[in-house]
Amino acid sequence: MRLYAVVAAGGFRRYATYRTATAAGVFTNTVFGFILAYTYIALWDERPQLGGYDTAQALTYVWLGQALLMACALMGGGFEDELMERVRTGDVAVDLYRPADLQLWWLAADLGRAAFHLLGRGVAPMVLGALAFDLALPGSLWIWPAFLLSVFLGVVVSFGVRYLVALSAFWLLDGAGASQITMLAGLFFSGMLLPLNLFPGLLGEVARALPWSSLLQVPADVFLGKHTGWGLVEAYAFQGGWAVVLLLAGRLTQSAATRRVVVQGG
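Everything quoted here is computed from the prediction, not taken from an experiment.

Trainee: Pulling in residues and values, what's your account of the overall build of the protein?
Mentor: Helix and strand counts for the protein come out as 11 helices and zero strands. Listing every helix and strand of the protein by position from the N terminus yields α-α-α-α-α-α-α-α-α-α-α. A compact globule built from 266 residues should have a C-alpha radius of gyration of about 18 Å, and the protein, at 19 Å, falls within 12% of that. Seen along its three principal axes, the alpha-carbon backbone of the protein occupies a region of about 65 × 40 × 35 Å. The proportion of buried residues among the 266 residues of the protein is 47%.

Trainee: How would you explain helix α6 (residues 102–132) if you had to name every residue and give the values?
Mentor: The α-helix winds at 3.6 residues per turn, so residues separated by three or four positions along the chain end up facing the same way. The end-to-end C-alpha distance of α6 is 44 Å, a good match for the 45 Å that 31 residues give at a rise of 1.5 Å each. Glycine 122 marks where α6 bends most, by close to 40°; the proline proline 125 follows one to four residues later.

Trainee: Which residues make up the environment of glycine 122, and what values go with them?
Mentor: Of note, glycine 122 is situated in helix α6. Accessibility expressed as a relative area gives 3% for glycine 122, which makes it buried. In sequence terms glycine 122 and glycine 154 are 32 residues apart; their C-alpha atoms lie 15 Å from each other. Apart from the residues lying within four places of it in its own chain, the contact partners of glycine 122 are Ala67 and His117.

Trainee: Please give an account of the pattern of salt bridges that cites residues and values.
Mentor: A full pass over the atoms with the stated rule returns seven salt bridges. When salt bridges that share partners are traced, they join Glu80, Asp110, Arg113 and Arg162 into one network.

Trainee: If you had to explain the packing of helix α1 (residues 2–16) against α6 to someone new, which residues and values would you point to?
Mentor: For the pair α1 and α6, the least separation of the axes is 7 Å and the interaxial angle reads 40°. Put simply, α1 runs oblique to α6. Read as a crossing pair, α1 and α6 show a hand that is right-handed. Every residue of α6 that contacts α1 at Leu3, Tyr4, Val7, Ala8, Gly11, Phe12, Tyr15 and Ala16 is listed here: Leu104, Trp105, Ala108, Ala109, Gly112, Arg113, Ala115, Phe116, His117 and Leu119. Of the residues belonging to the contact of α1 with α6, the class tally is 14 nonpolar, three polar and one charged.

Trainee: Give me the side chain of aspartate 110: which residues, what numbers.
Mentor: You can see aspartate 110 is positioned in helix α6. Since its relative accessible area comes to 1%, aspartate 110 is described here as buried. Setting aside anything within four residues of it in sequence, one finds aspartate 110 in contact with Phe79, Val155, Phe159 and Arg162.

Trainee: So what's going on with the side chain of serine 213? Residues and values would help.
Mentor: Residue placement: serine 213 occurs in the loop between α9 (201–209) and α10 (217–223). Reaching out from serine 213, the side chain makes a polar contact with the backbone oxygen of arginine 208 at a distance of 3.0 Å. Those residues in contact with serine 213 that lie beyond four places of it in its chain are Phe189, Ser190, Leu196, Ala207, Arg208, Val218, Pro219 and Phe238.

Procedures and definitions
- Residues numbered from 1 in each chain as written.
- Predicted model: local features only at pLDDT ≥ 70, side-chain atom pairs only at ≥ 80, totals over all residues.
- Heavy atoms only, no water.
- Helix = DSSP H or I, 4+ residues; strand = E, 2+ residues; numbered from the N terminus.
- Rg over C-alpha atoms; globule rule 2.2 N^0.38 Å.
- Buried < 20%, exposed > 50% of the residue type's maximum accessible area, 1.4 Å probe, protein only.
- Expected span 1.5 Å × (residues − 1).
- Bend = angle between axes of the 7 residues up to and from the residue.
- Contact = heavy atoms within 4.5 Å.
- Salt bridge = Lys/Arg side-chain N within 4 Å of Asp/Glu carboxyl O.
- Axes fitted to C-alpha atoms, helices over the stretch in contact; angles between N-to-C directions.
- Parallel < 35°, antiparallel > 145°, perpendicular 65-115°, else oblique.
- Left-handed = near helix turned anticlockwise from the far one by under 90°.
- Nonpolar A, V, L, I, M, F, W, Y, C, P; charged D, E, K, R; others polar.
- Polar contact = N/O pair within 3.5 Å; in protein donor to acceptor, adjacent residues only side chain to side chain.

Structure representation (structure tokens):
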């Protein structure tokens with residue numbers, strides 16, 4: 001485990017070196033946060049308590065989305081492009097023969113990336129949003145660790161989805177198409193555009209049952225105090241269940257890819 005802790009720390013340091021890009025990202029997240037915030041204000045003025053949120057909670061949801069945009073990779077990004085390139089060039093064969101698990105290696109690196117983005121690109125927009133608007137901040141200290149645990153599970157779910165997309169490059173000529181489709185699905189079904197509670201009927205039920213809801217909708221509702229007691233346990237179970245399913249699917253896909261490499265190498 002020490003190896004993967006070092007890999008995670010390396011992932012954190014890697015993204016910490018891009019200071020100009022981080023500052024530009026904070027600026028972009030803040031601008032889009034203000035645009036969405038005023039859009040939500042107009043919408044909630046017409047429909048108070050829409051989706052079970054008051055205006056303050058809706059605005060908090062907006063800024064949580066900006067804080068988690070990069071941390072949970074709501075629009076993709078991170079390791080998958082690099083891994084797909086290594087598959088395309090054949091360099092992944094070297095990775096598969098190393099005395100380190102491929103999936104755990106990339107997961108550790110992605111956790112380091114997510115930790116940096118949560119601190120480097122998440123905190124500042126959230127603070128600026130709290131200064132500009134009346135947000136529904138937690139009134140109890142225990143909600144903060146509960147929220148962070150939900151974010152951690154969301155990052156693992158996000159990794160699981162993107163790892164499967166990256167491994168698809170073993171069978172596709174170019175994994176860019178799968179990556180783009182996943183990015184659009186994540187943008188829509190995570191609740192980044194609108195909270196999933198606003199989606200009507202069957203669409204809402206399906207959207208809330210998909211893994212992408214673990215990336216924003218569930219952590220946001222934990223932060224807003226919508227999940228308490230057994231409801232919080234159920235939220236964690238939902239995220240954890242998807243994390244296990246996706247990681248196992250990634251493990252099986254990795255095994256199939258390894259056999260493919262061995263056959264082709266032989």
